[in-house]
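These are the residues of each chain, in order.
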Amino acid sequence: MPTLVVVNFNIICATLGGFITVFGLVSYLLKEKFYLSEALISTIFGVVFGPHAADFIRPLDYANGSELDLETITLYFTRLVLGVQLVLAGVQLPSKYLWKEWKSLSILLGPGMCIMWMSTSLLVWGLVPDISFLFALAVGAAVTPTDPILSNSIVKGKFADKNIPRELQKIIIAESGANDGLGYPFLFLALYLIQYTGDQGLGTTGGGAGKAIGHWFIETWCYTILLSIAYGAVVGWLAKELLHWAEERHYVDRESFLVFAITLALFIVGTCGMIGSDDVLACFIAGNVFTWDDWFRLETKDDSLQPTIDLLLNLSVFLWFGAVCPWHLFVETTVIPIYRLIPLGILVLLLRRLPMVLCFHHFIHQVEDIRHALFVGFFGPIGVSAIFYLYIAREFLHTLEVDGHQREDAAQLSEVLMVVIWFLTICSIVVHGLSIPLGKFGLYLPRTISMALSSENRSTSFSRTRSSDDRHTRNVVDSQHQERGLVSLFRRRRNTTGPGATGSRSSLVPGTVSRIGQYIFSDIRRPHGTTVHGSDGVRGDADETDDNKTPPGGDSPPRGRPTISAPKDGRVMGHAIAAQDRAVDDVDGSQRSDAISASNSAVPSRMQSPATARTEGASGMPVGWQRSIRFGDEVTVASSVSKAGNEQLANM
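Procedures and definitions
- Residues numbered from 1 in each chain as written.
- Predicted model: local features only at pLDDT ≥ 70, side-chain atom pairs only at ≥ 80, totals over all residues.
- Heavy atoms only, no water.
- UniProt positions renumbered as here; feature names shortened; annotations may be inferred.
- Helix = DSSP H or I, 4+ residues; strand = E, 2+ residues; numbered from the N terminus.
- Buried < 20%, exposed > 50% of the residue type's maximum accessible area, 1.4 Å probe, protein only.
- Polar contact = N/O pair within 3.5 Å; in protein donor to acceptor, adjacent residues only side chain to side chain.
- Core = buried A, V, L, I, M, F, W, Y, C linked by side-chain atoms within 4.5 Å.
- Contact = heavy atoms within 4.5 Å.
- Expected span 1.5 Å × (residues − 1).

- In the annotation of an unreviewed UniProt entry, the chain is listed under the name Cation/H+ exchanger transmembrane domain-containing protein and assigned to Cryoendolithus antarcticus.
- Per UniProt, the chain has the following entry under Subcellular location (unreviewed entry): "Membrane".
- Under the heading Sequence similarities (unreviewed entry), UniProt records this for the chain: "Belongs to the fungal Na(+)/H(+) exchanger family."

Structural data, given as structure tokens:
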């Protein structure tokens, strides 16, 4: 008998696949129209699907109920994502970019990272109660690197292409990729000092600060940093040469060629992990050396495989973050109260990076002006790299034991790291994910309100014009009952509550259809030469000005108005207008002057050409005429010619 198999594997596959599928259906709308980052959206859905809400994603179950195993899973997941992302970031950069831009990068990675580290540490030391400055240095080191994943979401897409110069995009990618691996020296300087000097160095063989500095120089700088740089360069160069060799002999197919950079990242993450070196920095260096001659970057420039893998990893890791984030600790912990935690998050985002960029932007040629400096200074996100260093630090602190138990200062620092770094990461995801859409909203909101008010004023003015036009239309409607019935179907009912009222529509007929109907039926029954339009081409009030009144005892239409009538010379549009203008010069100048004076209009006069005049019949209408809009200068002359023709017919 069929049974439901609701196990964790099926649930996580259904949840992850369903979320990515639904997100894909509206991804362009969210990212390119609303400028929302995929990291923010994934984190929100991680909270919704996680153990704090729907409980579809159960991280603790996957770790067999062990908090330590859950931290290990998260650490390895972030390592994998960072390794792949940094190889792809290195591949994106142009040929020999690190070598060519070493001056700008040395400022950002040298004094720039030091200032970011110290400013963050001082803020943590000032706002987190009962911690030493060494503890604050450890917390500040974890959030010093800028996250390459969140940085990519800022420097890619329609907003970046439109607003961020290409050189500025490249320097942001290069800095975020390089400083991720360079976070080790800042973190382990504080950790080694805590190990050998904190709590009187319990659990160690002694040696004090001197031994801590020695370990920091040998193990961190030589083995972790320098070895990873050399290893990444060698592996990247060998991979480039081997791929060239295979491609020249047609040994590699297109699919394997495209996925080569991703498999290279997996290889480096695994091998560097086995030797205990800095796999994050090695991946970035390998990606740069791999595309040193720009061959692979240009070959895969228009391919979508790498961005697709990038997207899948980004969505997955931030969905996981939303599920594993210790949300309850933000309000329940005794490390720092919430009224201190929130100001800490705001101040870190404002002061961690912005002052440094403002100080050094004159020495970084990619940052051309103060606007670019503000952008680079504000958009230094805290994300996957901070969580990576968080669990690196906690893994190290678990080894500081006395009599089989974790040292007291190590346990305190572990709790501070867990609360503060997770909170700063969530703040950065939310703030940097909403900065662009909120900025766009703030930019367009005043313009939208102004346009709405202007539209309302124009609508009110136009409604008043149409109300006065109804009075004119009723004056020219004849007494035949059938036509009055037809016109009443399309007539707008005026609001008579007071002067200047705009009128209200009680009919179910749409306004546009109503106006068209009035024009049609009024035009059908109007005698030849009757005016229905104002001088601007919009139906207007016939009693507003003296210029628009019909002269007593005459049949000519009101002056200054175009009319729909049997034209003497239909207005020719397009290139024929120029030819018609030349033909006007052949007409009697005095007659044209009278026409312009009578019309009292700024519209240049255009009359029939002599060729057209020769084709007229006895009634004064040209052969083959068709209904056309006539303007004020033409109306007066056309009416006088029509009257002369009618008098000739009467004399005959």
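## Focus: the side chain of S121
Part 1 of the argument: Tracing the sequence through the fold places S121 in helix α8 (residues 111-127).
Part 2 of the argument: Among the residues examined, S121 registers a relative accessible area of 0% and is labelled buried.
Part 3 of the argument: Side-chain polar atoms of S121 contact the backbone oxygen of W117, separated by 2.7 Å.

## As for the nonpolar core
Nonpolar side chains tend to gather and get buried jointly when the protein is soluble and globular.
Part 1 of the argument: Core analysis: the biggest nonpolar cluster contains 138 residues, and V128, F188, L191, F318, L344, F375 and W422 have the highest contact counts within it.
Part 2 of the argument: For this core, the element with the most residues is helix α25 (residues 408-476), which contributes 15 residues.
Part 3 of the argument: Contact partners of F318, with chain neighbours within four places excluded, come to A39, S42, T43, I149, L150, V384 and I429.
Part 4 of the argument: The next biggest cluster of nonpolar side chains, apart from the first, holds nine residues, and it includes I41, F49, L315 and L319.

## Considering unusual backbone geometry
If a residue is not glycine, its phi is most likely negative; likewise, a peptide bond is most likely trans.
Part 1 of the argument: The backbone phi angle of D130 is positive, close to 60°, even though this residue is not glycine.
Part 2 of the argument: Within the secondary structure layout, D130 lies in the loop between α8 and α9 (133-142).
Part 3 of the argument: The exposed category is assigned to D130, whose relative accessible area is 70%.
Part 4 of the argument: Phi at H250 is positive, roughly 60°, even though this residue is not glycine.
Part 5 of the argument: Among the structural elements, H250 can be located in the loop between α14 (208-248) and α15 (254-258).

## Comments concerning the side chain of T291
Part 1 of the argument: Relative to the helices and strands, T291 is located in the loop between α17 (279-290) and α18 (295-299).
Part 2 of the argument: Residues within four places of T291 in sequence aside, it is in contact with G90, V91, L93, S95, F296 and R297.

## A short note on helix α12 (residues 166-181)
Part 1 of the argument: Between its first and last C-alpha atoms α12 spans 24 Å; for 16 residues at 1.5 Å apiece the expected length is 22 Å, and the two agree.
Part 2 of the argument: α12 sits mainly inside the fold: 13 of its 16 residues count as buried.

## Examining the environment of D55
Part 1 of the argument: Of note, D55 is situated in the loop between α3 (38-49) and α4 (59-62).
Part 2 of the argument: Taking the C-alpha atoms as reference, D55 lies 8.9 Å from A323; in sequence the two are 268 residues apart.
Part 3 of the argument: In contact with D55, other than residues within four places in its own chain, are F49 and G50.

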